[in-house]
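Topology and contacts: notes
So the chains spell out like this:
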Amino acid sequence: MTHYLPLIGILIVIVGFLLRLNPLAVVAAAALSTGLAAGRSLVDVISILGKAFNDSRYVTIIWIALPVIGLLEHFGLRQQARRVIAGFGKATTGRLLLAYLLFRQLTAALGLNSIAGHPQTVRPLVAPMAEAAAERSGPLDERERERVKAMAAATDNVGNFFGEDIFIAISSILLIVGFLDQNGIRIAPLQLSVWAIPTAIFAFLIHGARLLWLDRTLASRKADAEP
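What comes next concerns the included structure. It should be emphasised that the depicted structure is a prediction, and the values quoted were computed from it without experimental measurement.

Topic: the overall build of the protein chain
- Along the protein chain, the regular secondary structure elements total 10 helices and 0 strands.
- Along the chain direction, N to C, the helices and strands of the protein chain fall in the order α-α-α-α-α-α-α-α-α-α.
- Counting every position in the protein chain, which comprises 227 residues, the buried fraction comes to 31%.
- The long-range share in the protein chain, meaning contacts at least 24 apart out of those at least 6 apart in sequence, stands at 69%.
- Carbon and sulfur atoms form 70% of the exposed surface of the protein chain, whose accessible area is close to 14,500 Å².

In structure tokens:
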């Protein structure tokens, strides 16, 4: 049974996420527990993690960014974001997220995927601002609040996913070109990037319509609540 002990990290991750504990702490605890259960010393586990960070700059950036964002949230970043959006009288949840969708698609199309994302913009800035805009129609119940958060996260996904394929040097474009080349289909990366533009436009229009519909839903809730 001892050879199953390293799997304890999976159990820690599942339980931690079910209990909605801090994700960073849960993952760190799972990594340390797995290493120790595998018979490694604490120094060896930390050394392995450190080597992985040095070998992958992307991972290192995430581990540096998350504590910084956590500190900013601790000192009131989310509250400040809510106060900022409260100062714009005509700002609605749908309009705010529509502007973010456009920003996300344009920056992703230029290859700037890491300029925004769930940990660095959606959680500390976009989602709180969207919630503050939605609360102008009245207090939100838990279901409505989670829906606004989900739409904020979905907006980032749609903008990044359909915008990045316009960038000629993105990995997904190169993967498609390589796959087609292996099957005897010769196509230049630029051709795929050009044909990704109509897809991005339609994605913007479709998701933009969903965001505006969200505004109508929130507005109708306010109208139903009024005597």
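That covers the picture; the talk isn't over yet.
Concerning the nonpolar core
- If you look at the biggest cluster of nonpolar residues, it comprises 17 residues, and the most contacted ones within it are Leu97 and Ala152.
- If you list the elements that add at least two residues to this core, you get helix 6 (93-109), helix 7 (118-134), helix 8 (142-164) and helix 10 (189-225).
- A per-element tally of this core places helix 7 first, with 6 residues.

Here's the deal with the packing of aromatic side chains
- All told, the structure shown has 2 aromatic pairs when counted by the stated rule.
- Ring plane angle 35° and centroid distance 6.2 Å describe the contact between Tyr100 and Phe103, whose orientation is recorded as tilted. Placement of the pair is Tyr100 and Phe103 together in helix 6, with a separation of 3 residues, close to one helical turn.

Brief notes about the pattern of salt bridges
- Counted by the stated rule, this structure contains 5 salt bridges.
- A salt bridge links Glu146 to Lys149; its shortest N-O distance comes to 3.7 Å. Of this pair, Glu146 and Lys149 both sit in helix 8, separated by 3 residues, roughly a single helical turn.
- In this structure Glu146 comes out as partly exposed when scored by relative accessible area, which is 34%.
- Each member of the salt-bridge network shares a partner with another, and the members are Glu131, Glu135 and Arg145.

Some details on a nonpolar patch on the surface
- There is a patch of nonpolar side chains on the surface, built from Tyr4, Leu7, Ile8, Ile10, Leu11, Ile14, Val15, Leu18, Leu19 and Leu21 and spanning about 990 Å² of accessible area.
- Topologically, Tyr4 is positioned in the segment before helix 1 (8-18).

Points about helix 6
- Taking 1.5 Å per residue as the helical rise, helix 6 with its 17 residues ought to reach 24 Å, and the 24 Å between its terminal C-alpha atoms agrees with that figure.
- When we look at burial in helix 6, the residues that qualify are Thr93, Gly94, Leu96, Leu97, Tyr100, Leu101, Arg104, Gln105, Thr107, Ala108 and Ala109.
- Downstream of helix 6 by one or two residues, Gly111 has phi in the positive range, about 85°.

Structural notes on helix 8
- The first and last C-alpha atoms of helix 8 sit 33 Å apart over 23 residues, in line with the 33 Å expected at 1.5 Å per residue.
- Among all positions of helix 8, only Glu144, Arg145, Val148, Met151, Ala152, Thr155, Asp156, Val158, Gly159, Asn160, Gly163 and Glu164 are buried.
- Looking at where helix 8 begins, the residue whose side-chain oxygen comes 3.2 Å from the main-chain nitrogen of Arg143 is Asp141.

Basis of the calculations
- Residues numbered from 1 in each chain as written.
- Predicted model: local features only at pLDDT ≥ 70, side-chain atom pairs only at ≥ 80, totals over all residues.
- Heavy atoms only, no water.
- Helix = DSSP H or I, 4+ residues; strand = E, 2+ residues; numbered from the N terminus.
- Buried < 20%, exposed > 50% of the residue type's maximum accessible area, 1.4 Å probe, protein only.
- Contact = heavy atoms within 4.5 Å.
- Areas by Shrake-Rupley, 256 points an atom, 1.4 Å probe, with all protein chains shown as cover.
- Core = buried A, V, L, I, M, F, W, Y, C linked by side-chain atoms within 4.5 Å.
- Phe/Tyr/Trp six-rings, centres within 6.5 Å; stacked < 30°, edge-to-face > 60°.
- Salt bridge = Lys/Arg side-chain N within 4 Å of Asp/Glu carboxyl O.
- Patch = residues over 30% accessible without salt bridge, like charges linked within 9 Å, V, L, I, M, F, W, Y side chains within 5 Å.
- Expected span 1.5 Å × (residues − 1).
- Polar contact = N/O pair within 3.5 Å; in protein donor to acceptor, adjacent residues only side chain to side chain.

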